[in-house]
4 protein chains.
Amino acid sequence: MSFNIFGRVFRFSTWGESHGPAIGAVVDGCPPGLALSEADIQPWLDLRKPGTSKFTTQRREADEVRILSGVFQGRTTGTPISLMIENTDQRSKDYSDVANAYRPGHADYAYDAKYGFRDYRGGGRSSARETASRVAAGAVARLVVPDVDIFAWVSEIGGDAIDPRNFDAEQIGRNPFFCPDARAAARWEALVDGARKDGSSLGAVVECVASGVPAGWGAPLYAKLDSELAAAMMSINAVKGVEIGDGFAAARLRGEDNADPMRPGADGLPHFLANHAGGIAGGIATGQPIRLRVAFKPTSSILVPVDTVTREGDASQIVTKGRHDPCVGIRGVPVVEAMMALVLADQKLLHRAQCGGD
Amino acid sequence: MSFNIFGRVFRFSTWGESHGPAIGAVVDGCPPGLALSEADIQPWLDLRKPGTSKFTTQRREADEVRILSGVFQGRTTGTPISLMIENTDQRSKDYSDVANAYRPGHADYAYDAKYGFRDYRGGGRSSARETASRVAAGAVARLVVPDVDIFAWVSEIGGDAIDPRNFDAEQIGRNPFFCPDARAAARWEALVDGARKDGSSLGAVVECVASGVPAGWGAPLYAKLDSELAAAMMSINAVKGVEIGDGFAAARLRGEDNADPMRPGADGLPHFLANHAGGIAGGIATGQPIRLRVAFKPTSSILVPVDTVTREGDASQIVTKGRHDPCVGIRGVPVVEAMMALVLADQKLLHRAQCGGD
Amino acid sequence: MSFNIFGRVFRFSTWGESHGPAIGAVVDGCPPGLALSEADIQPWLDLRKPGTSKFTTQRREADEVRILSGVFQGRTTGTPISLMIENTDQRSKDYSDVANAYRPGHADYAYDAKYGFRDYRGGGRSSARETASRVAAGAVARLVVPDVDIFAWVSEIGGDAIDPRNFDAEQIGRNPFFCPDARAAARWEALVDGARKDGSSLGAVVECVASGVPAGWGAPLYAKLDSELAAAMMSINAVKGVEIGDGFAAARLRGEDNADPMRPGADGLPHFLANHAGGIAGGIATGQPIRLRVAFKPTSSILVPVDTVTREGDASQIVTKGRHDPCVGIRGVPVVEAMMALVLADQKLLHRAQCGGD
Amino acid sequence: MSFNIFGRVFRFSTWGESHGPAIGAVVDGCPPGLALSEADIQPWLDLRKPGTSKFTTQRREADEVRILSGVFQGRTTGTPISLMIENTDQRSKDYSDVANAYRPGHADYAYDAKYGFRDYRGGGRSSARETASRVAAGAVARLVVPDVDIFAWVSEIGGDAIDPRNFDAEQIGRNPFFCPDARAAARWEALVDGARKDGSSLGAVVECVASGVPAGWGAPLYAKLDSELAAAMMSINAVKGVEIGDGFAAARLRGEDNADPMRPGADGLPHFLANHAGGIAGGIATGQPIRLRVAFKPTSSILVPVDTVTREGDASQIVTKGRHDPCVGIRGVPVVEAMMALVLADQKLLHRAQCGGD
């Protein structure tokens, strides 16, 4: 088992650094015969693309994906699908600041401690740029689970949460924050812009729902769907918390309040009167929507000076110039969706491996 | 990759049901030459053992572990270590209630949806009894990371949290709740007993710290230490949320407040002025204590009647008799510690695989 | 990935030493709902059982298997199936000979070099006794592929091969050599008995055919069916060579002679006029019988003295007393069949994971 | 676990088809700090390159490798190394012959049976062109095991074997057959050229030796070094047999003749008087040279007409035009070396994971 591969039978691996010539993903184990072209992938990449508003990094990348293998006559062949995105806007700047001193909260020091040195240009492998590869792979995964509907949104920035009563899915695509509450979106404009002008950054919470997952996907214990999803989400840059269903709030409920009562449903399947469990019981999908929340910490590359040490161990302060997202959680939305799709595609195939059927 | 195996090079798998003849774990990939006997494992099992107070299930199990392989002349040989615990107190009761109707919040319905049927005796494979196997395997893992100090505690029950100012590690072993705050422990007696008498149940939050983890363990992205730990914790029965370091609270901080500033340390290593990151940056240990929080939902097997459906799809109500923990999070403490040890043992070996050294 | 686990989605792991209290296997990922009891496993174990003729080791083991988990009301539940076989005839002998000096050709020296020491009692983990666990797991695997017919036989002992014209499958069970050629069996009586009396040992070739494998199982390249089968067979004690189909003989054929010509078949599927490929092309089953050959070296524990060194590095000679098979390949027959079944069960599930269908 | 990834902690995956825009490999888990540039890889690719003599396919590929990630300032960073080779000489020909009818012995029919269709251009994923990616990855692996010396040669073509007494390692690079016996090389000129002119093809046997492998690498049973190597070699196109050490010949030896006697060595390590075991006992390296033999079947794309069926199931004959190797085993030599290096790099890291040390 290794370090840059995710999944069990539907797997993908990613490669590439922020300032190398390209980044990419290889998707392995994809079912054959699915219609796939670059046009199926590009729209998802465009959603994640940097430089589209003043609330994200100003790096300009076309993020154009090329399919290099695994597709013939417009259909997947069942062999590895190689996806490549060229880096085009690596700015030739002086990296001596981050090369010599560690950004607190960033991977700088830990990489040096592990590997002895690091590619410091734009964060190298630890850059959120890697998430473009996930979004590309996730677009393929969506084709594997066509009956599953996945969507995510930002529910909180810098502690300012949406009002659930204002939730309007239509709004998500209408503001630069993937925010389903138009009033919150308006407040966040000032909030995020203020942080940006201060040279600071903000954390965020992203929520994601997948509906249409049939009861039975998932597995007990070490491959619990909760566990797979938590691993997937925690693998995203800057993520430090994951809740399935009510998560930490469930720890404050009594048993009878946390139960999701069942009634006979019109279609012969149970109809659930609540979804505290986030659609997963015993690690296995119940047929309800899968529901989770993901915490993104604030970007650690900021203009506000922070105490640090140099590679030589001397006291210093660091100010991170360069182009950075004032709130990395915002562009996390398409990434969370991609990881959800990648996990569910894998689970679908695993379920039919063990239990048959389609 | 499969369904009952955890880890990458230091791996364990578990087997067994609540009411079968025995349960067990097989630990694979353990370094050779470690001193190991049943006496190294039993004390950890005793901490998790049921029936030791009125605040846990009244099932009485000796939970005596036997080492069946992998040890010769008192030392691990490097071959698989088979650990077995016999079940001795399966009560011969009538299971027709849970056999025919689904406990909302429990794995009952999901198992049936996946497998077509289930072992309903005491929850079968989905019973928290399985966690004894983890604790046994975790005791072996501790021997692999002797310089790491791991301890966990309950920090919140039913929404009633400890006061961090009262934190006293000595208290943890002095009350039936693994509670480090003597005043909270006193409150919880009434709280948990009340829930028990009401036939209800409570959720809990468990926190865990591992100190002595050297900077460098872990890996970027799909094997981030955050990701491995989240998967490990989410694989425990009843867990629905995981936070690394400040977790969701970090999403409410500004970049400069979430940074863990660094100063030159006396030992040549950086001295950190805070630990919002929970000891992990970019997926790799920074040398600070690893810190995480785990949310346990309330037990779903309760005496309070809940609306449900039968296997045939008819409306019904269910009341779960039998012996159950009123707060399953309490006995989760040794399990969380075990999973922490199991992940860290694996990470130590993975780190030296790639980067050498010891 | 680790060291005592085999398979991808249908997996098994084994544990236990020759002279420990027990040995066992855990089968993970088994489809639910299959009828399974000890009676489905025991007959296969009995075929491999030692002590049934003077041509095998005289150790007497009942080799009674117990199912400890994963079965409920006579059917597999989809959770891990724990199989245990107690060791009953470990003879309390003086092991100082093999403890202090290395048997050339045996694992003794290599284990010490790797682990620093070894369990020398009866070969410990490197004993062929471990293969009983495989046979037990293989019996479960057979239930996963009920339409596949697997059988193996000994085709050569000590360089004396059967005559293919005498091949009679009925004979295999009628002599202590699993020999399909009655005349060869008669010759082998003298051959093997002579080696036994000389305190020597003989190698053997085992052949195995699996018919009923549908075209499509398997995968290209790194999971080629050839590759999976070769890994499986080479994992058996004493195996040093594997051929798929014509194997090394194919290297002496011209392209047109090695081709397996195809004609339209009565059932709409191609009818092949030859099977040089052993039923696998490009790593994928063609629908023809899977055919392979496995080379077993002679037992290395012999009474003939051999030059060796002691643990301290001094020159010595070694004579291995104890009870050993004069030709370990003979009892390899049920083991080869078991490994074939285990690979094919995994391949069936992998195929339907990626390609659906049943 | 999936289908195009090989290795456990040092892993690589490959992607790409014969007539797609490019092929490539991603190497994951590589130790950091190794000096690496394209110049370390290119020479090995040049050895495998097609079109260098009339004894190989006349396709002309520059086979220029580009490193797209994982290297910074000339050293490996410990993150994935993406290697890409552009396809430049895909000939735009009419593939209707192989598109509609199956080449006996080729993967054509099996791919269709598995995936429902296939990329028939030049064999698509099943083309030996894929092996260029392995050679590139293998060049990286060699850097991980700098003290191991790996070399391979052709020992037999079309049944005509070298004379071991003529073995001269210097000769291997001096003829187009990687042949260590100058006289055999002379004979093979006529042999291979004759087969080429006949529109036929020949099989071959490749041998490989790795010296400098320390005692202790490898593992028992399911990760036996024999097993890992057999899987690696069998994953190469056209390979149908693998022998470790004496292989099938060992099955014809008596125990005392197959033993590799040990004498005290000058360096404190045992000195072996023979190497029937091919340097591996009990799955673990003994410190002797690792020795194996690999059987390549004759190329199945030939001009000699062979009976076959069409996709529609009608009787037909097929003649494969296009550019093909008359003896695919010849160019298998650098591929066998690469797979040996890839397995040993993985084993080195696995060994130090479990047992520490360097």
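Residues numbered from 1 in each chain as written. Chains lettered and ligands numbered in written order. Predicted model: local features only at pLDDT ≥ 70, side-chain atom pairs only at ≥ 80, totals over all residues. Heavy atoms only, no water.

## Things to note about the overall build of chain A
Helix and strand counts for chain A stand at eight helices and 18 strands. Whereas a compact globule of 358 residues would reach a radius of gyration of roughly 21 Å, chain A reaches 21 Å, a difference of no more than 12%. Dimensions along the principal axes, computed over C-alpha positions, put chain A at roughly 65 × 50 × 40 Å. In chain A, which comprises 358 residues, the proportion classed as buried is 68%. Residue pairs at least 24 apart in sequence account for 70% of intrachain contacts in chain A once pairs closer than 6 positions are excluded. (Helix = DSSP H or I, 4+ residues; strand = E, 2+ residues; numbered from the N terminus. Rg over C-alpha atoms; globule rule 2.2 N^0.38 Å. Buried < 20%, exposed > 50% of the residue type's maximum accessible area, 1.4 Å probe, protein only. Contact = heavy atoms within 4.5 Å.)

## Observations concerning the interface of chain D and chain C
Taken residue by residue, the interface counts 107 residues in chain D and 107 residues in chain C. Both sides of the chain D and chain C interface together cover about 8,400 Å² of buried area, and 63% of this is carbon and sulfur. In this assembly, chain D and chain C are joined by seven salt bridges. Salt-bridge contacts for D226 of chain C lead to K240 of chain D; the nearest nitrogen and oxygen are separated by 2.8 Å. Across the chain D-chain C interface, the total number found is 39 residue pairs in polar contact (both at pLDDT 80 or more). (Buried area = accessible area lost by both parts, 1.4 Å probe. Salt bridge = Lys/Arg side-chain N within 4 Å of Asp/Glu carboxyl O. Polar contact = N/O pair within 3.5 Å; in protein donor to acceptor, adjacent residues only side chain to side chain.)

## Focus: helix α5 (residues 182–197) of chain B
Because each turn of an α-helix spans 3.6 residues, side chains separated by three or four positions end up pointing in the same direction. Residues and elements named next belong to chain B. With 16 residues, α5 extends 23 Å from end C-alpha to end C-alpha; this agrees with the ideal 22 Å at 1.5 Å per step. Turning to α5, the residues buried within the fold contact β8 (149–157) and β9 (160–161). The N-cap residue of α5 is D181: its side-chain oxygen and the backbone nitrogen of R183 are 2.9 Å apart. Where α5 ends, the next residue or the one after it, G199, has phi of about 70°, a positive value. (Expected span 1.5 Å × (residues − 1).)

## As for helix α8 (residues 332–355) of chain A
Its 24 residues give α8 of chain A an end-to-end C-alpha distance of 34 Å, which sits within 8% of 34 Å, the value for a rise of 1.5 Å per residue. Summarising burial for α8 of chain A: 23 of the 24 residues are buried, a large majority.

## Comments concerning the relation of the copies chain D and chain C
Superposition record for chain D on chain C: RMSD 0.0 Å, screw rotation 180°, translation along axis 0.0 Å. Expressed as a symmetry operation, the mapping of one chain copy onto the other fits a two-fold axis. Mapped onto chain C, 100% of the interface residues of chain D are again interface residues, and the two copies thus contact each other with one and the same surface. (Least-squares fit on C-alpha atoms with pLDDT ≥ 70 in both.)

## A few points about the relation of the copies chain B and chain A
Between the two copies of the chain lies a relationship made up of a rotation around an axis and a movement along it. Overlaying chain B with chain A gives an RMSD of 0.0 Å, the required rotation being 180° about an axis along which the chain moves by 0.0 Å. By residue overlap, the copies meet face to face through one surface: 100% of the interface positions of chain B are interface positions in chain A.

## Quick look at the interface of chain B and chain A
Every contact between the two is made by 107 residues of chain B and, on the other side, 107 residues of chain A. Run the count over chain B and chain A and you get eight salt bridges. Measuring nitrogen to oxygen at the nearest pair gives 2.8 Å for the salt bridge that ties D198 of chain A to R254 of chain B. At the junction of chain B with chain A, the criterion picks out 41 residue pairs in polar contact (both at pLDDT 80 or more).

## A few points about the packing of helix α6 (residues 225–234) of chain C against helix α8 (residues 332–355) of chain C
All names here are of chain C. Contact geometry for α6 and α8: axes closest at 9 Å, N-to-C directions at 140°. Seen along the crossing, α6 lies across α8 with a hand that is right-handed. Each of L225, E228, L229, A232 and M233 in α6 lies in contact with α8, whose residues at this interface are V336, M339, M340, V343, L344 and Q347. Taken together, the residues of the contact of α6 with α8 sort by class into nine nonpolar, one polar and one charged. (Axes fitted to C-alpha atoms, helices over the stretch in contact; angles between N-to-C directions. Left-handed = near helix turned anticlockwise from the far one by under 90°. Nonpolar A, V, L, I, M, F, W, Y, C, P; charged D, E, K, R; others polar.)

## Let's talk about the confidence of the model for chain A
For chain A, per-residue confidence averages 94 on the pLDDT scale, and residues scoring 70 or more make up 98% of the total. Taken over the whole predicted complex, pTM reads 0.97, whereas the ipTM for its chain interfaces reads 0.97. (pLDDT = per-residue confidence, 0-100.)

## Quick look at the environment of F6 of chain B
On the secondary structure map, F6 of chain B appears in strand β1 (residues 5–6). Separated by 222 residues in sequence, F6 of chain B and E228 of chain B have C-alpha atoms that sit 9.9 Å apart. Excluding its chain neighbours within four sequence positions, the residues that come into contact with F6 of chain B are Y222 of chain A together with R11, F12, E228, A231, A232, M339 and V343 of chain B.

## Quick notes on the sheet that holds strand β4 (residues 65–67) of chain A
Residue and element names in this part refer to chain A. If you trace the five strands from one edge of the open sheet to the other, you get β1-β2-β3-β7-β4, paired in antiparallel fashion. Of all the strands in the sheet, the pair left with one neighbour each is β1 (5–6) and β4. Bridge count between β1 and strand β2 (residues 11–16): two bridges; the pairing is antiparallel. The residue of β2 that forms the bridge with F6 is F12. (Pairing = 2+ DSSP bridges.)

## Thoughts on the pattern of salt bridges
Side chains that differ in sign of charge can pair as their charged atoms come close. For the structure on display, the rule yields 107 salt bridges over all chains. Residue D246 of chain D pairs with R291 of chain D through a salt bridge whose shortest N-O separation is 3.1 Å. One end of the pair, D246 of chain D, is in the loop between β11 (239–244) and α7 (255–258); the other, R291 of chain D, is in strand β16 (residues 290–296), with 45 residues separating them in the sequence. A relative accessible area of 24% means that R291 of chain D is categorised as partly exposed. Among the ionic contacts, a cluster of salt bridges with common partners joins R103, D108, D112, R118 and R311 of chain A.

## Notes on the sheet that holds strand β2 (residues 11–16) of chain B
Pairing between the strands of a sheet is mediated by backbone hydrogen bonds and can be parallel or antiparallel. Residue and element names in this part refer to chain B. The strand order β1-β2-β3-β7-β4 describes an open sheet built from five strands, whose pairing is antiparallel. Strands with a single pairing partner mark the edges of an open sheet, and in this sheet they are β1 and β4 (65–67). Alignment of β4 against strand β7 (residues 81–86), held across three bridges, turns out to be antiparallel. Bridge pairing in β7 links I67 to L83. Lying over the sheet, helix α1 (residues 38–48) contacts β4 and β7, oriented at roughly 155° with respect to β4.

## Remarks on the packing of helix α1 (residues 38–48) of chain D against helix α8 (residues 332–355) of chain D
When two helices pack together, their arrangement is given by the angle between the helix axes and the distance between those axes. Residues and elements named next belong to chain D. It is at 7 Å that the axes of α1 and α8 come closest, and there the two elements cross at 140°. By the angle between their directions, the pair α1 and α8 is classed as oblique. Along the contact surface, α1 presents W44, L47 and R48, while α8 presents P334, V335 and E337. Residue composition of the contact of α1 with α8, by class: four nonpolar, no polar and two charged. (Parallel < 35°, antiparallel > 145°, perpendicular 65-115°, else oblique.)

## Overview of the pairing of strand β18 (residues 315–318) of chain C
All names here are of chain C. Both strand β17 (residues 306–309) and β18 contribute to a ladder of four bridges, which runs antiparallel. Residue pairing for β18: D307 is matched across the bridge by Q317. Hairpin connection from β17 to β18: five residues lie between these consecutive antiparallel strands, with G313 at a positive phi of about 95°.

## Some remarks on the side chain of D108 of chain D
Residues and elements named next belong to chain D. If you trace the backbone, D108 turns up in helix α3 (residues 108–115). Under the relative-accessibility criterion, D108 is labelled buried at 3%. Within the structure, D108 has its side chain in polar contact with the side chain of R103 (distance 2.8 Å). Apart from the residues lying within four places of it in its own chain, the contact partners of D108 are A101, Y102, R103 and R118.

## A closer look at the packing of aromatic side chains
Taken as a whole and assessed by the stated rule, the structure comprises 44 aromatic pairs over all chains. On the basis of an interplanar angle of 65° and a centroid distance of 5.7 Å, the ring pair of Y111 of chain B and Y115 of chain B is categorised as edge-to-face. Of the two residues, Y111 of chain B and Y115 of chain B are both situated in helix α3 (residues 108–115); the distance of four residues between them amounts to about one turn of the helix. With a relative accessible area of 6%, Y111 of chain B lands in the buried category. A relative accessible area of 7% places Y115 of chain B in the buried class. Ring geometry for Y222 of chain C versus F12 of chain D: centroids 5.2 Å apart, planes at 85°, classification edge-to-face. (Phe/Tyr/Trp six-rings, centres within 6.5 Å; stacked < 30°, edge-to-face > 60°.)

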